[in-house]
There are 2 protein chains.
Amino acid sequence: MAEYHRRNLITFVHPPHIQSYAAVGGSKEGEGPLGRQFDIISDDSRFGTDSWEKGEIQMQLQTIKLALKKADKCPEDMDLLLSGDLINQCIASAYCARDLGIPFAGMYNACASMAEGMVFSAILTGSGLMNQVVCAASSHFCTAERQYRYPLEYGGQRSPSAQWTATACGALTVGQTGGSVKINRAFFGKVTDFGVSDLTNMGAAMAPAAADTLSRYLKQSDTKVMDYDAIITGDLGEIGSNLFLKLLEKDGISLHNRHGDCGMMLYDESQDAHAGGSGCGCCASVLCSHLLPKLESGEWNNILFLATGALMSPLSVQQGESIPCISHLLHLSAGGE
Amino acid sequence: MAEYHRRNLITFVHPPHIQSYAAVGGSKEGEGPLGRQFDIISDDSRFGTDSWEKGEIQMQLQTIKLALKKADKCPEDMDLLLSGDLINQCIASAYCARDLGIPFAGMYNACASMAEGMVFSAILTGSGLMNQVVCAASSHFCTAERQYRYPLEYGGQRSPSAQWTATACGALTVGQTGGSVKINRAFFGKVTDFGVSDLTNMGAAMAPAAADTLSRYLKQSDTKVMDYDAIITGDLGEIGSNLFLKLLEKDGISLHNRHGDCGMMLYDESQDAHAGGSGCGCCASVLCSHLLPKLESGEWNNILFLATGALMSPLSVQQGESIPCISHLLHLSAGGE
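Reference entry: report on the structure contained in this document.

Criteria and thresholds
Residues numbered from 1 in each chain as written. Chains lettered and ligands numbered in written order. Predicted model: local features only at pLDDT ≥ 70, side-chain atom pairs only at ≥ 80, totals over all residues. Heavy atoms only, no water. Contact = heavy atoms within 4.5 Å. Buried area = accessible area lost by both parts, 1.4 Å probe. Salt bridge = Lys/Arg side-chain N within 4 Å of Asp/Glu carboxyl O. Polar contact = N/O pair within 3.5 Å; in protein donor to acceptor, adjacent residues only side chain to side chain. Helix = DSSP H or I, 4+ residues; strand = E, 2+ residues; numbered from the N terminus. Nonpolar A, V, L, I, M, F, W, Y, C, P; charged D, E, K, R; others polar. Least-squares fit on C-alpha atoms with pLDDT ≥ 70 in both. Buried < 20%, exposed > 50% of the residue type's maximum accessible area, 1.4 Å probe, protein only. Lys, Arg positive; Asp, Glu negative; His and termini not counted. Axes fitted to C-alpha atoms, helices over the stretch in contact; angles between N-to-C directions. Parallel < 35°, antiparallel > 145°, perpendicular 65-115°, else oblique. Left-handed = near helix turned anticlockwise from the far one by under 90°.

1. So, the interface of chain A and chain B
At step 1: Taken residue by residue, the interface counts 62 residues in chain A and 63 residues in chain B.
At step 2: Between chain A and chain B, the buried area comes to about 5,100 Å², and carbon and sulfur atoms account for 58% of it.
At step 3: On inspection of chain A and its partner chain B, the count reaches 4 salt bridges.
At step 4: Among the salt bridges present, the one from Asp193 of chain A reaches Arg98 of chain B, with a minimum N-O distance of 2.6 Å.
At step 5: Along the contact surface separating chain A from chain B lie 25 residue pairs in polar contact (both at pLDDT 80 or more).
At step 6: Contributing elements (two or more residues each) for the side of chain A that touches chain B: helix 2 (52-70), strand 4 (80-84), helix 3 (91-100), strand 5 (104-106), helix 4 (113-126), helix 5 (141-148), helix 10 (314-318) and strand 14 (325-334) of chain A.
At step 7: In terms of residue count, the dominant contributor to the side of chain A that touches chain B is helix 3 of chain A (5 residues).
At step 8: Classifying every residue of the side of chain A that touches chain B gives 31 nonpolar, 17 polar and 14 charged.

2. Concerning the relation of the copies chain A and chain B
At step 1: Here chain A sits on chain B after a turn of 180° about the axis and a move of 0.0 Å along it, with an RMSD of 0.0 Å. Accordingly, the operation relating the two chain copies is best matched by a two-fold axis.
At step 2: An overlap of 100% is found between the interface residues of chain A and their copies at the interface of chain B, pointing to a shared contact surface.

3. What to know about the side chain of Glu29 of chain B
Residues and elements named next belong to chain B.
At step 1: With respect to the element layout, Glu29 can be found in helix 1 (residues 27-31).
At step 2: Lys28 is the oppositely charged side chain nearest to the buried, salt-bridge-free Glu29, at an N-O distance of 7.1 Å.
At step 3: For Glu29, the contacting residues outside a window of four places in its chain are Gly35, Phe38, Ile41, Ala166, Thr167, Ala168, Leu266 and Tyr267.

4. A short note on helix 3 of chain A
At step 1: Burial analysis of helix 3 of chain A places 8 of its 10 residues in the buried class, which makes it a mostly covered element.
At step 2: Restricting attention to buried positions, one finds in helix 3 of chain A the residues Ile91, Ala92, Ser93, Ala94, Tyr95, Cys96, Ala97 and Leu100 of chain A.
At step 3: Of the surrounding elements, those touching the buried residues of helix 3 of chain A are helix 2, strand 4, strand 5 and strand 6 (132-139) of chain A together with helix 10 (314-318) of chain B.
At step 4: With its phi angle positive at about 75°, Gly101 of chain A sits one or two positions after the end of helix 3 of chain A.

5. Looking at the packing of helix 2 of chain A against helix 5 of chain A
Residue and element names in this part refer to chain A.
At step 1: Running from N to C, helix 2 and helix 5 point in directions that differ by 135°, and their axes come no closer than 8 Å. Taken together, the axis directions place helix 2 and helix 5 in an arrangement best described as oblique. Regarding helix 2 and helix 5, the two cross each other, and that crossing is left-handed. In this structure, helix 2 uses Trp52, Glu53 and Glu56 to contact helix 5, whose residues at the interface are Cys142, Thr143 and Arg146.

Functional significance is not addressed by these values, which are geometric in nature.
The following block contains the structure:
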């Protein structure tokens, strides 16, 4: 964390605006503390289809369509769709893009994909090269569980340090004007790897990436923790969050109770989610149900949003590799138009 | 193909420059018509490691390091690495990014990932938001075969319409100045799907995406086929290329022998590659070994480069879905500095 890259902090002269946003979730997310803030909660984990994967495609479609509707836009108004998910070959995003007919760029940075898409969305519109884009990320407990871990029918025991992949999607539109939240700065993270190889403790693996990104961002932007009302990480969960705070303390940075973690906000202790929520859809949906409204209402003026992603695969870990992680950061502020 | 999106054509006022490039391949690629134009050919399919996946990571590392070296740069000089591959969770790119330490954005648009990365590279540098970035894509016959099709040990028969996933990587650096090839325009494709669900005939599935992108690009840019010395598709192969030309004819567009396909350039008929090469690394390596030198030498002045990607997964096809495809386009021209 001692090395500071000079030029990858992007500060927008004309900050792009988040014009509208939407969040859709499953029944477990509906029962959580943020349930009532979601736009749609579906009790059907297949979202009206005959498979979980097709259900995730439908969930992403619903969310994006709703975000467009809230901005009073249709797919033809959008210059680009930037989206990602966790299913192999990112099929939730690809099939959703097919159905929408918007030019498409697939994002993959695991659970940091929403932030990756938002950084590019801000670049495209903030530079004036595009007028309006839409950005989304989704995950689904059932598609992730059988792909990364065990068939659900097997009923495997979950480790106490494990996180729960959210069945959720967040989508937002970004443009040069409109809306009451701005993206002031964007910052791409580096891949960090502290040698953690325990797939049931991803929060611990991701914490160093978030700490590295925040530490380098504060230095490069010449800002302080106290300049922000909240510093929100993606899905470190309880164990990862504690480690994140400790790593920052070593760097002389104290978050003064300004830290929140989307993975710890989505479920409460009674929901058996162990260390907290995870998955691309976790921070995407928390952002679009809970964080952006706080900026819109004026409760917050400035926040940092750091999604975190674990970039391994089951195969890479089987081959003895540890878990490389990344965290991209956005500085969001209230006040648009 | 009748619908024309208005605003997603990006024309650079200050076209960014491709400063350096490199291509690395395996032994089969070395034996092909372009073999001598590759920078490095490795006879070891594991590239000195103990697995094909780790081998692909090494191949990508070698290629990127060589592209940086040719530009007389080191990883610290780069503001961002944009890269993609075909292994689940894009692990070749993620582990390579970890070893390089450059801020990282993972691209996933299947075999169109190189073009996707190049479009974003051009946007980042052409807008002045970043100084220098590096972009890469890789694929590996052995990692793809066992992931998408059969274990290699099984020795499955290949269909005559099947393509051969290239063991290859291409990488290039893009900046605001330097180098003798410019990126003048960039154009994101839409996902198209003509209902093809035959995984052994991906060229046929991808052809409509390339035709759609080219057709819309020519309309939006108000240019003609004759304005370009060559129009090069990614990896349609023989069957897909024929279909591509026929679809364009229906739209009243004739390519006048200006069409070339990277999948048909990489291997010759004696190499048993059936319909041609494929994989992210196919068009990335042909671009960086064969196409860019022709622009640099002045043999060509203007070309269009359209990578094509098939966005399905084995699972989506098992669930009865057809193959959605995409093609991103770049207009490259000679003359830099």
